[in-house]
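Next come the chains, spelled out residue by residue.
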Amino acid sequence: MATLPDEAVFGEPKYWQLRTSLLKAIEEDFSSGDVLPNERDLAARFGVARATLRHALEQLELEGRLVRKRGAGTTVAGPRVDVSLSADGEGWPGVDLRDREVIDCATVPVTDDFADTLKGRPSALVHRLRRRQFSMRQVVGLECLYVSRAVVPSLSTRVPGFERASLMLRQLRGHRLEGRHRAVELGVAEAEEARYLERPPGTAVLVVTTTYTALGRTAAVTVATYRADTCRLAFAEAGPTALRPAS
C-alpha cells in the first residue's frame with residue numbers, strides 16, 4: 001500500500017486524503033471479499049492516528065466500498081446491484097412479491113407530503129403497502145406504496161398482510177393506467193428507513209418517486225428508497241434502440 005502524499009491538498013481534510021489513498025490501494029491490491037489489514041497496521045502504514053483512519057474507513061463504508069463487521073474485520077465490498085428502471089417495464093407496481101418482504105399493508109391517514117398529490121385532506125385515509133426489496137439475500141431497498149381509496153375502496157383486515165398486499169395490487173392493476181411520472185433524487189435515510197435498510201441513520205439513499213394516474217386522477221404514489229452504497233439505478237429506453245446498463 002502507498003503512503004499519504006507528503007504535501008497536503010489545500011482545503012482537504014486529512015481523513016479525506018487518507019480515504020483517497022486507501023481507495024487507490026484497494027483498487028490496485030485487493031478484490032471483492034478480501035480482508036484488509038487491521039487498524040493498527042493500516043494506521044502505521046499510512047502514518048496517521050487511528051481516529052483519522054477510522055474516519056476514512058467509515059467514509060468508504062458509507063460509499064459502499066467496504067463492509068465492516070465486528071469480529072470479522074473490514075472487507076472489500078462487492079459490485080453494486082443494478083436496479084432496473086426500464087421505461088418499457090411494468091406500468092403498475094408488480095404483483096409478484098417473491099423478491100420482496102411485506103412489512104405491512106394497512107389503511108392509514110395520508111401524510112402531508114401526498115395529501116395534495118392524492119387529492120385528499122390531510123386527515124383522509126389511504127392504503128399503504130410497505131415492503132423491502134432483496135437481491136442476493138441482501139436488502140437493497142424499501143418501497144412505500146400509497147393507493148387512493150377512490151381507486152381501491154376497501155381492503156379486508158381479516159387476511160394476512162401478504163395476501164392483503166397481493167389483493168390490493170391486483171385491484172389496482174385492474175384499472176387502465178393513464179399515465180406515469182417518475183423522479184429520482186438523492187437523500188438520507190431517516191431512523192425508521194435506516195432500520196429497514198439495515199444501515200445507520202443518515203446513510204445516503206436514492207429515492208425514486210413514481211406517481212400513477214387512472215380514472216383521471218392520481219391513483220397511487222410509490223416512494224422507493226434504495227441503498228446508495230449497494231445499488232445502481234439502471235435506465236433503458238423503450239424500443240430496439242435501448243441502451244444496455246453498463247457492466
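Whatever comes next refers back to the structure up there.
Within any chain, residue numbers begin from 1 and follow the written order of that chain's sequence. Selection of residues for local features in this predicted model requires a pLDDT of at least 70, selection of side-chain atom pairs for listing and counting requires 80 or more, and totals for whole chains, interfaces and linings are taken over all residues. As a rule here, side-chain values come from all non-hydrogen atoms in the structure, and water together with hydrogens is ignored.

## Quick word on the packing of helix H2 (residues 39-46) against helix H3 (residues 50-62)
Line of reasoning, step 1. Close contact between H2 and H3 brings their axes to 9 Å; oriented N to C, the two are set at 105°. The angle between the axes of H2 and H3 places the two elements in the roughly perpendicular class. Along its contact with H2, which presents Glu 39, Arg 40, Leu 42 and Ala 43, the element H3 presents Arg 50, Leu 53, Arg 54 and Leu 57.
Line of reasoning, step 2. Amino acids are sorted into nonpolar (Ala, Val, Leu, Ile, Met, Phe, Trp, Tyr, Cys and Pro), charged (Asp, Glu, Lys and Arg) and polar (every other residue, Gly among them). Taken together, the residues of the contact of H2 with H3 break down into four nonpolar, no polar and four charged. Axis definition: a line fit to C-alpha positions, over the contact stretch in the case of helices; interaxial angles, taken between N-to-C directions, run 0 to 180 degrees. Note on conventions: DSSP H or I runs of at least 4 residues are helices, E runs of at least 2 residues are strands, and numbering of each starts at the N terminus. Between 65 and 115 degrees an angle is taken as roughly perpendicular, under 35 as roughly parallel, over 145 as roughly antiparallel, and anywhere else as oblique. Contacts were defined at the residue level, with two residues in contact if any of their heavy atoms lie within 4.5 Å.

## Here we look at the side chain of Thr 203
Line of reasoning, step 1. Topologically, Thr 203 is positioned in the loop between helix H6 (191-197) and strand E8 (204-214).
Line of reasoning, step 2. Owing to a relative accessible area of 1%, Thr 203 belongs among the buried residues under this scheme.
Line of reasoning, step 3. Throughout this description, a polar contact denotes any pair of N or O atoms lying within 3.5 Å of each other; where both atoms belong to protein, one of them has to be capable of donating a hydrogen while the other can accept it, and for residues adjacent in sequence the pair is counted only when both atoms sit in side chains. In this structure the side chain of Thr 203 is engaged in a polar contact, spanning 2.6 Å, whose partner is the backbone oxygen of Pro 200. The buried label applies to any residue whose accessible area, calculated with a 1.4 Å probe on protein chains only, is under 20% of its type's maximum; exposed applies above 50%, and partly exposed to all values in between.

## What to know about the sheet that holds strand E5 (residues 125-135)
Line of reasoning, step 1. A pair of strands is considered paired only if DSSP assigns at least 2 bridges between the two. Strand order across the open sheet formed by six strands is E4-E5-E6-E9-E8-E7, with antiparallel pairing between neighbours. Each edge of the sheet is formed by a strand with only one pairing partner; in this case those strands are strand E4 (100-109) and strand E7 (179-188). Strand-to-strand, the axes of this sheet are offset by a mean angle of 15°, without reference to chain direction.
Line of reasoning, step 2. Bridging between E4 and E5 involves nine bridges; their strand directions are antiparallel.

## With respect to the environment of Tyr 15
Line of reasoning, step 1. With respect to the helices and strands, the residue Tyr 15 is situated in helix H1 (residues 14-29).
Line of reasoning, step 2. On a C-alpha basis, the gap between Tyr 15 and Val 48 in space is 8.9 Å, while along the polypeptide they are 33 residues apart.
Line of reasoning, step 3. With near-sequence residues (within four places) excluded, Tyr 15 lies in contact with Thr 52, His 55, Ala 56 and Gln 59.

## Focus: the packing of H1 against H3
Line of reasoning, step 1. Running from N to C, H1 and H3 point in directions that differ by 60°, and their axes come no closer than 8 Å. As summarised for this structure, H1 and H3 are arranged oblique, according to the angle between their axes. Two packed elements cross with a definite hand, and for H1 against H3 that hand is right-handed. Contacts from Lys 14, Tyr 15, Trp 16, Leu 18, Arg 19, Leu 22, Leu 23 and Ile 26 of H1 reach H3 at Thr 52, Leu 53, His 55, Ala 56, Leu 57, Gln 59 and Leu 60. Two helices crossing with the near one rotated counterclockwise from the far one by less than a right angle form a left-handed crossing, whereas a clockwise rotation gives a right-handed crossing.

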